[in-house]
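Structural characterization, general
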Amino acid sequence: MKTIAEFILPGHPDKICDRIADLLVDAACARDPRSLVGVEVALHRYKVLVTGCITTSPPMTHSEVSQLVRHAFRDAGYGKEWSPAPEDIKIEFDLRLEELDDPLRHLRSISDDQAICIGYANGHREDNHLPFAHRKAYQAAQRIRRLRTKYSLGPDAKVILTCRDRQVEKMSLSLQHRPNVNRTQLYACAREVGESVGLSDLDRICVNGGGDFDVGGPHGDNGLSGKKLVVDAYGPSIPIGGGAWSGKDPHKVDRSGGLIARYIALCAVRIGLCSEALVQLGWHPGDASPSMIQIQTESGPILLEAIGRFDLTIDGIWASLGLGSVRFSDYADGSWFQKQLFPARSFLFRRQVS
């Protein structure tokens, strides 16, 4: 069976927006772990629009938000060498910056909206228990990031690949470059990227099939946070659930529910209960814990109790996964499950399944 997946670099406009949104989450939660954050970010060229709500103590200022926006652009690779330069960004805010009072603090323990959360894992430890195509697309994107300086590439890039039977068959690369680039240089980069995922035949690699890509990033397209849900999750072969993650604090169940669902799926395959697990969790507004739990394996449905004991209250998820110590902006490039998100929590797995 053929599978297909894509990945993008942090300089893509949508991923800059996700990074800004999660920098705001990190900044608010550093002030108060129970901060309420629900923001969305849009950008085009030099203009950035942040909308939504940040409720924390002490309140954040517009100046602080502006600095984080500029920081995200610099980290993505934009500035002196690649436009737009951070100092030229115009920012418009529609933010409610208030303090977190006691009644609102209490409401953080229940869901403020409905949510459907998906978790997935398979038995392929070498792929970090992720779908093969999704993992390889990520690895190709990371190779592009490491080759940017060598080949003078811009911060924006995309990769899409087709796989069959755990082999990469074809790959398409979109590489931001300087005007009048030597295309031999792009093909040399493509060869290295292909070899990193086991594809050495350059005839099976398309480079900038849509033409020159010298205008990229925020100059080439607008950006919006929360648009790359499939990249952020498990690729197109697995359902994505409901809402986006970036821009939401870890007491919001779109985010914490997605993380605990992945954790449950990992536990199921690591104890040998199955070779593939799909976890679905559902919250209604006002729920303190999910009102729907479904776990599907290759052999059929199983109960949560067969895997282990899990505290699925909102406060329980936050505490057990250590979400108060996670820097969410570090994963806003789409690497939520590609990296080890909870490297210090292996004891939790042993305790819960014992």
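These notes cover the structure that comes with them. The model shown is predicted, which means the values in this text are computed figures rather than measured ones.

The next thing to look at is the overall build of the chain. Helices and strands together make up the secondary structure of the chain, namely ten helices and twelve strands. Its C-alpha atoms give the chain a radius of gyration of 21 Å, near enough to 20 Å, the size a compact globule of 354 residues would have. Within the chain, the fraction of its 354 residues that count as buried is 53%. Across the chain, every contact between residues at least 6 apart in sequence was considered, and the portion connecting residues at least 24 apart equals 73%. Total accessible area on the chain is roughly 15500 Å²; 49% of this is exposed by carbon and sulfur atoms.

This part is about the sheet that holds strand E6 (residues 157–164). Two pairing modes exist for strands in a sheet, parallel and antiparallel, and in both the strands are linked by backbone hydrogen bonds. Spatially, E1-E6-E7-E8 is the arrangement adopted by the four strands of the open sheet, whose pairing is mixed. Only two strands of the sheet have a single neighbouring strand rather than two, namely strand E1 (2–8) and strand E8 (205–207). The mean inter-strand angle of the sheet, taken between neighbouring strand axes irrespective of direction, is 10°. One ladder, built from seven bridges, connects E1 with E6; its direction is antiparallel. Across the sheet, the residue bridging to Ala5 is Leu161, located in E6. Of the strands in this sheet, strand E7 (167–175) and E8 are in contact with helix H5 (residues 183–196), which crosses E7 at around 145°.

This part covers the nonpolar core. Ile20, Leu24 and Ile264 are the most contacted members of the largest nonpolar core, which has 67 residues in total. In terms of residue count, helix H8 (residues 253–270) provides more of this core than any other element does, eleven residues in total. Beyond its immediate stretch of four places on either side in the chain, Ile20 contacts Val41, Val48, Val69, Ala72 and Phe73. The next biggest cluster of nonpolar side chains, apart from the first, holds 31 residues, and it includes Phe7, Ala137, Ile144 and Leu147.

This brings us to the sheet that holds strand E12 (residues 300–302). The strand order across the open sheet formed by four strands is E5-E10-E11-E12, and the pairing between neighbours is antiparallel. Among the strands making up the open sheet, the edge pair consists of strand E5 (115–122) and E12. Each neighbouring strand pair of the sheet contributes to a mean axis angle of 25°, computed without reference to strand direction. Relative to strand E10 (residues 276–283), E5 is paired through eight bridges, and the arrangement is antiparallel. Bridge pairing in E10 links Asn122 to Glu276.

One can describe the packing of helix H4 (residues 132–151) onto H5 by two numbers: an axis separation of 9 Å at closest approach and a directional angle of 145°. For the pair H4 and H5, the crossing hand works out as right-handed. Judged by residue contacts, Gln139, Ala140, Arg143, Ile144, Leu147, Lys150 and Tyr151 of H4 engage Gln185, Ala188, Cys189, Glu192, Val193 and Ser196 from H5.

Turning to the side chain of Arg255, a few remarks are in order. Here Arg255 is to be found in helix H8. With sequence-adjacent residues up to four places away left out, Arg255 is seen in contact with Asp22, Val25, Trp245, Ser246, Gly247, Lys248, Asp249, Pro250, Phe328 and Trp336.

So, about the environment of Asp315. Here Asp315 is to be found in helix H9 (residues 314–320). Taking the C-alpha atoms as reference points, Asp315 and Ala137, 178 residues apart in sequence, are found 34 Å from one another. Discounting residues that sit within four places of it in the chain, Asp315 has contacts with Arg34, Ser109 and His251. A polar contact of 2.7 Å, which involves the side chain of Asp315, links it to the side chain of Ser109.

To continue, consider unusual backbone geometry. Note that the residue after Ser57, namely Pro58, is joined by a cis bond; omega there is -10°. Structurally, the position occupied by Pro58 is in the loop between strand E3 (47–55) and helix H2 (62–76). With omega at 5°, the peptide bond leading from Ser83 into Pro84 counts as cis. Along the chain, Pro84 turns up in the loop between H2 and strand E4 (90–98). Even without being glycine, Asn208 reaches a positive phi, approximately 50°. Among the structural elements, Asn208 can be located in the loop between E8 and helix H6 (217–220). On the accessibility criterion, Asn208 (5% relative accessible area) is buried.

Here we come to H8. Along its 18 residues, H8 runs 25 Å from first to last C-alpha, staying within 8% of the 26 Å computed at 1.5 Å per residue. Burial within H8 is extensive, with 17 of its 18 residues counted as buried. Gly272 occupies a position one or two residues after H8 and carries a positive phi of about 80°.

Calculation notes
Residues numbered from 1 in each chain as written. Predicted model: local features only at pLDDT ≥ 70, side-chain atom pairs only at ≥ 80, totals over all residues. Heavy atoms only, no water. Helix = DSSP H or I, 4+ residues; strand = E, 2+ residues; numbered from the N terminus. Rg over C-alpha atoms; globule rule 2.2 N^0.38 Å. Buried < 20%, exposed > 50% of the residue type's maximum accessible area, 1.4 Å probe, protein only. Contact = heavy atoms within 4.5 Å. Areas by Shrake-Rupley, 256 points an atom, 1.4 Å probe, with all protein chains shown as cover. Pairing = 2+ DSSP bridges. Axes fitted to C-alpha atoms, helices over the stretch in contact; angles between N-to-C directions. Core = buried A, V, L, I, M, F, W, Y, C linked by side-chain atoms within 4.5 Å. Left-handed = near helix turned anticlockwise from the far one by under 90°. Polar contact = N/O pair within 3.5 Å; in protein donor to acceptor, adjacent residues only side chain to side chain. Expected span 1.5 Å × (residues − 1).

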